[in-house]
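Results of the structural survey
Spelled out, the chains give:
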Amino acid sequence: MARHPRAIRLQTVVKLAERDERQALANLGQAQQKLQAEQEQKQQLSDYANDYQQQLSGGHGGQLSAAQLHTTVGFLRQIEQALKQQQEQIVLLQKQVEHERGIWQQCQAKLKALHHLLDKLDQEYDEQQQRLEQHQADEWSNRAAFDRLKSR
């Protein structure tokens, strides 16, 4: 397929846009992985807190001494504080994921527009080439007819 001269020059821009789109997708993937890791860590903390809650409620069959009770309650408070911080981190990461998704979508839209432009330029070039070929064929036909008339 013949290429429009502008389409050939735009190939560099398209390659750069493709690179940017791949990088944006990679950034989105990394942000999503971080978010998932933080959510898993929060779930582990939550499970850990539930285990200690069961110890407090006597779920493990034994009585806790005052010192054990004091230590367990203090540790639960630390876990709850860690859960709160973890939730704040998750909210920040969710915002980062949405930001990275927006960048990726912009890169996709730019790349799609460039491909559309290339297709349009190539179509115009093909049509121009067809008109040129038709013009040359018409000219050749007219010359042949003129030469036939002239030779009579």
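Residues numbered from 1 in each chain as written. Predicted model: local features only at pLDDT ≥ 70, side-chain atom pairs only at ≥ 80, totals over all residues. Heavy atoms only, no water.

1. Observations concerning the overall build of the protein
When its secondary structure is counted, the protein shows 2 helices and 0 strands. For the protein, whose C-alpha radius of gyration is 35 Å, the value lies well above the compact-globule estimate of 15 Å for 152 residues. Based on the C-alpha atoms only, the size of the protein along its principal axes is roughly 125 × 25 × 15 Å. Of the contacts made within the protein by residues no fewer than 6 positions apart, 85% connect residues no fewer than 24 positions apart. With an accessible surface of roughly 11,600 Å², the protein has 50% of that area assigned to carbon and sulfur atoms. One finds the centroid of the 20 positive side-chain charges in the protein at a distance of 7 Å from the centroid of its 20 negative side-chain charges. (Helix = DSSP H or I, 4+ residues; strand = E, 2+ residues; numbered from the N terminus. Rg over C-alpha atoms; globule rule 2.2 N^0.38 Å. Contact = heavy atoms within 4.5 Å. Areas by Shrake-Rupley, 256 points an atom, 1.4 Å probe, with all protein chains shown as cover. Lys, Arg positive; Asp, Glu negative; His and termini not counted. Charge placed at Lys NZ, Arg CZ, Asp CG, Glu CD.)

2. Topic: the pattern of salt bridges
Within this structure, the stated rule accounts for 3 salt bridges. A salt bridge links E98 to R101; the shortest N-O distance between them is 2.5 Å. In this pair, E98 and R101 both sit in helix 2 (residues 66–151), 3 residues apart, roughly one turn of the helix. One salt bridge connects E139 with R143, and the closest N-O pair in it is separated by 3.6 Å. One end of the pair, E139, and the other, R143, are both in helix 2, 4 residues apart, so they sit about a helical turn from each other. (Salt bridge = Lys/Arg side-chain N within 4 Å of Asp/Glu carboxyl O.)

3. What about helix 1 (residues 5–56)?
Helix length check: helix 1, at 52 residues, gives a terminal C-alpha distance of 77 Å against a target of 76 Å (1.5 Å per residue), a fit within 8%. Considering bend angle alone, the principal kink of helix 1 is centred on Q11 and spans about 35°. (Expected span 1.5 Å × (residues − 1). Bend = angle between axes of the 7 residues up to and from the residue.)

4. Focus on the packing of helix 1 against helix 2
When two helices pack together, their arrangement is given by the angle between their axes and by how far apart the axes lie. Two numbers describe how helix 1 lies on helix 2: the axes approach to 7 Å, and their chain directions differ by 165°. As far as their axial angle goes, helix 2 and helix 1 are roughly antiparallel. Helix 1 and helix 2 meet at a crossing whose hand is left-handed. Looking at the contact of helix 1 with helix 2 residue by residue, the classes come out as 35 nonpolar, 16 polar and 11 charged. (Axes fitted to C-alpha atoms, helices over the stretch in contact; angles between N-to-C directions. Parallel < 35°, antiparallel > 145°, perpendicular 65-115°, else oblique. Left-handed = near helix turned anticlockwise from the far one by under 90°. Nonpolar A, V, L, I, M, F, W, Y, C, P; charged D, E, K, R; others polar.)

5. Side note on the packing of aromatic side chains
As enumerated under the stated definition, the model contains 3 aromatic pairs in all. For the pair Y48 and F75, a centre-to-centre distance of 5.8 Å together with 80° between the ring planes defines the contact as edge-to-face. Here Y48, found in helix 1, pairs with F75, found in helix 2; they are 27 residues apart in sequence, far enough to count as distant. Both rings, one in Y52 and one in F75, keep their centres 5.0 Å apart while their planes meet at 55°; by these two values the pair is tilted. Taken as a pair, Y52 in helix 1 and F75 in helix 2 lie far apart in primary sequence, 23 residues in all. Linked through ring pairs, Y48, Y52 and F75 together constitute an aromatic cluster. (Phe/Tyr/Trp six-rings, centres within 6.5 Å; stacked < 30°, edge-to-face > 60°.)

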